[in-house]
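Per-entry structural report
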Amino acid sequence: MQTNSFLRLDIRTQAILRESEARFRRLFEEIPNIPMQGYDRDRRVIFWNQASERLYGYDEKTAMGQRIEDLIIPGELREPIVQLIDNWIAGGPAIPPAELELLNQAGERVPVFSSHVVLENTQGYREMYCVDLDLRDRKQAEQAIRASEAKYRSIFENITQGLFQIDSNGRYISVNPFLVTLLGYDSAEVLMTHLTHPEQPFYVDPNRYCELLQQLNKTGEVRNFESQVYRRDGSKIWISETQNAVRDSQGILLYYEGRLEDITLRHQAEAQLRYDAIHDPLTSLYNRAYVAEQLEQILQWQGSNRQGLWALLLIDLDRFKVINDSLGYVVGDEILKILAQRLRSALRSQDVLARLGGDEFVILLQDLALPREIFAIATRCMEALRLPLTLPSGTFSVEASMGIAQGTLAYHSADEVFRGADIAMYRAKAEGGGHPVLFEQEMHPRALARWELEQELKQALAQEALQLFYQPIIDLQTEKLTGFEALLRWNHPERGWISPAEFVPIAEETGLIHPLSWWVFRKAAQQLQCWQMQFPQAKHLTMNVNLSVVQLKQTDLVERLQRLLQECDLQGDRLKLEVTEANFFTVSESTLQIFYDLKQLGMGLCIDDFGTGYSSLSRLHQLPLDVLKIDRAFVDDLDFDLRKQAIAHSIIMLAHGLGASVVAEGIETESQLQILRQFGCEFGQGYWFSRPVAAEQAAAWIEAI
Ligand code: C2E
Ligand code: MG
Ligand code: MG
């Protein structure tokens, strides 16, 4: 029909039409972004604009006259498309616009959105025009989006953190598989419905959940919020949550997204650390730190409220060292555990029981009405400790000393309370142990002075404010110098010279004796080496040093002494170790071996202050003894006191009987010297010959040999 009307157009109109067609043609030819192609009824190209050239690669000349199916239709589409086009051109149904992948000149697939129109040309033939919009950019963008989606999905699914989204009503929108496993669910769906249920408790502490919501509402986020939650099976885990609100461009809340981490292990580790910090590992009782903390609280509270009686009970087992030394540490530890249990059962549930280390326990009593309750509990504890202990190795009984500090407003710090109980405990020990002693204020000044001395001694050692003096040891027959005893001196800035008899026991109690003694040993050995190099006649001289019984606990004592000898290039027999007799009383069988090891190095062993201790003869026989030193007490007045003469004489004979030689200490007069010489005493030291002197004066003695 159109053809007929078209035919009826007059020449002029036809000319106008052609002109208009040419104008549109040019227009489409030159529009840069719209690829347009025209095909005749045989599907041959009759129109190919520059944009088509850019899209498909063929220029207009090459394309013109080619069939569409030979040019841009891929093999698998050829037949259906040819069919569709032919149908349409023949008057059949129109081809709807479609997304297709067509071929370019290089044989690559080009995604296009193709729209078509069939028009009748001036000759009345139907032609098809196509506009193919280039979809390459869009496809690329889509692909990139798909890739990144896949990437994020994979992160979401594989990350070792629980990820989730929650809507503003607290309903889960999505959760990742890790979260599902973490919370012990079979699937994300079950988790989401289960946890959304209002009856379902998730947070162990509902208040914690309220806090989380409050924070979220206030700031729109929570960071590393830690709480304990229930898993599906009811077990509990600790989690750390981070959540933030996600809003649209208008600021309207869309949902919350968050991540959740399992921190149970960290929590357990922290709890363990907290536990360790306030517990004694051996007995699982509390430790000193915990009691100190509790005391500080009591003291604070006491400042504002004067009611409530409290007390600190310090217990020290008597002679526990002997048990440890004779039965070994394993049994010692076992006994400590049993005693800990006994103490616990002698106490009320609210009483705090702690072990301070070693054989010391402490009890903190609170909420007492009457002072006598303190003593009732204290006595109960002492009795519990005293009950016989039956072990595979035998039955034992343990005695203890107890010092009590009763709460008063005079205390300002936990340390002061501990010190009070400590002082009372020492008093209890001094009184023979076995019963509790209450700290009284007048005990204080002495104890405080002791404490200060300890601090100052530490400083003196660090600042090398200590000095060694040397007292000559003389051969009584020839009156010649045989060696020296090194004696420690402390020149205190305020108090002047302080006797080692005063500060050595403190050093022994505090462990300061170790660095102190090693300083003495090194100094004395170096001094002897120095004299040996300086004076040829000093070669045979010996150096006596005093060994504290505490040092016998040092496992590397022998090794260190050996090293010291090597360092100072000294023969072993140039050094002699003096151990006070009284100390042998407490030395265990196993420790005796140390003396044999020292003997191997050639070192001499002297029993110091002999006659003041309680050595049994059998004990003396066990020792590789070189020298017995008769204590000054028997030399003093020797010239007048016949009883002392008898004792001195028998000591000398005893020593000789043991194969040891004798040094008499504290010879102050010539007649003392004469008597000792008569008794066959080989050596002596004392003011008669020389006081202990500084190194320079001692050197004068060597020169005079
Ligand atoms: P000690 O080992 O029995 O030393 C002998 C003590 O008697 C020394 O006292 C000495 O000065 C004193 N003395 C010597 N001759 C006479 C005398 O004729 N008359 C009188 N009245 N006293 C005399 P010092 O130096 O005060 O030492 C006392 C104790 O301190 C020593 O007794 C020893 O047990 C201990 N000591 C000294 N230096 C050390 C050391 O470096 N380490 C250890 N662990 N203990 C030491
Ligand atoms: Mg001595
Ligand atoms: Mg002595």
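As a starting point, this report considers the structure included with it. Only a predicted model underlies this, so the values are computations on that prediction, with no experimental measurement involved.

Criteria and thresholds
Residues numbered from 1 in each chain as written. Chains lettered and ligands numbered in written order. Predicted model: local features only at pLDDT ≥ 70, side-chain atom pairs only at ≥ 80, totals over all residues. Heavy atoms only, no water. Axes fitted to C-alpha atoms, helices over the stretch in contact; angles between N-to-C directions. Helix = DSSP H or I, 4+ residues; strand = E, 2+ residues; numbered from the N terminus. Parallel < 35°, antiparallel > 145°, perpendicular 65-115°, else oblique. Left-handed = near helix turned anticlockwise from the far one by under 90°. Contact = heavy atoms within 4.5 Å. Nonpolar A, V, L, I, M, F, W, Y, C, P; charged D, E, K, R; others polar. Phe/Tyr/Trp six-rings, centres within 6.5 Å; stacked < 30°, edge-to-face > 60°. Buried < 20%, exposed > 50% of the residue type's maximum accessible area, 1.4 Å probe, protein only. Lys NZ or Arg CZ within 6 Å of the ring centre and 35° of its normal. Near = heavy atom within 4 Å. Polar contact = N/O pair within 3.5 Å; in protein donor to acceptor, adjacent residues only side chain to side chain. Areas by Shrake-Rupley, 256 points an atom, 1.4 Å probe, with all protein chains shown as cover. Salt bridge = Lys/Arg side-chain N within 4 Å of Asp/Glu carboxyl O. Pairing = 2+ DSSP bridges.

**Remarks on the packing of helix α19 (residues 513–534) against helix α20 (residues 557–567)**
Closest axis-to-axis distance for the α19/α20 pair is 10 Å, and the angle between their directions is 25°. When the axes of α19 and α20 are compared, the pair comes out roughly parallel. Considering how the two elements wind past one another, α19 and α20 form a crossing that is right-handed. The residues of α20 that touch α19, namely those facing W518, F521, R522, A525 and Q529, are L557, R560, L561, L564 and E567. For the contact of α19 with α20, the class distribution of residues is 6 nonpolar, 1 polar and 3 charged.

**Brief notes about the packing of aromatic side chains**
Under the criterion given, the structure shown has 14 aromatic pairs. Both rings, one in Y470 and one in F484, keep their centres 6.3 Å apart while their planes meet at 75°; by these two values the pair is edge-to-face. On the criterion of sequence distance, the pair formed by Y470 in strand β18 (residues 466–475) and F484 in strand β19 (residues 480–492) is long-range, its members being 14 residues apart. Pair check on accessibility: Y470 and F484 agree, each one buried. Directly above the aromatic system of F225 lies the positively charged group of R208, at a separation of 4.0 Å from the ring centroid. Across the ring face of W518, the terminal group of R560 is positioned such that the distance to the ring centre comes to 4.1 Å.

**Thoughts on the site of ligand 1**
Of all residues adjacent to ligand 1, which total 23 residues, the nearest are R489, N546, D608, E668 and Y687. Between Q471 and ligand 1, the recorded distance is 2.9 Å, taken from a side-chain N or O atom to a nitrogen atom. Measuring from an oxygen atom of ligand 1, one finds a side-chain N or O atom of N546 at 2.9 Å. Protein chains bury 85% of the 790 Å² of accessible surface belonging to ligand 1 in isolation. Counting residues per element, the ones that place at least two in the shell around ligand 1 are β19, α18 (500–510) and β23 (604–610). With 4 residues, the top contributor of residues to the shell around ligand 1 is β19. Taken together, the residues of the shell around ligand 1 break down into 9 nonpolar, 6 polar and 8 charged.

**Details of the pattern of salt bridges**
Pairing is possible between side chains that carry opposite charge, provided their charged atoms lie close to one another. For the structure shown, the criterion picks out 26 salt bridges. Of the charged contacts, one joins D167 and R171 as a salt bridge, the two residues approaching to 3.7 Å between their closest N and O atoms. The residue E334 makes a salt bridge to K337 at a minimum N-O spacing of 3.7 Å. Here E334 pairs with K337, and both are found in helix α14 (residues 329–346), just 3 residues apart, close to one helical turn. E334 sits in the partly exposed class, given a relative accessible area of 37%.

**Remarks on the sheet that holds strand β2 (residues 45–48)**
With respect to topology, 5 strands assemble into an open sheet ordered β2-β1-β5-β4-β3, the strand pairing being antiparallel. Strands with a single pairing partner mark the edges of an open sheet, and in this sheet they are β2 and β3 (98–103). Adjacent strand axes in the sheet meet at a mean angle of 35°, parallel and antiparallel pairs treated alike. In this structure, strand β1 (residues 36–39) lies alongside strand β5 (residues 126–134), joined through 4 bridges in antiparallel fashion. By the bridge assignment for β5, Q37 is matched with C130. Taken strand by strand, helix α6 (residues 75–89) contacts β3, β4 (109–120) and β5, and its axis lies near 135° from that of β5. Along the sheet, helix α7 (residues 136–158) makes contact with β3, β4 and β5, crossing β4 at roughly 140°.

By themselves these figures say nothing about function.
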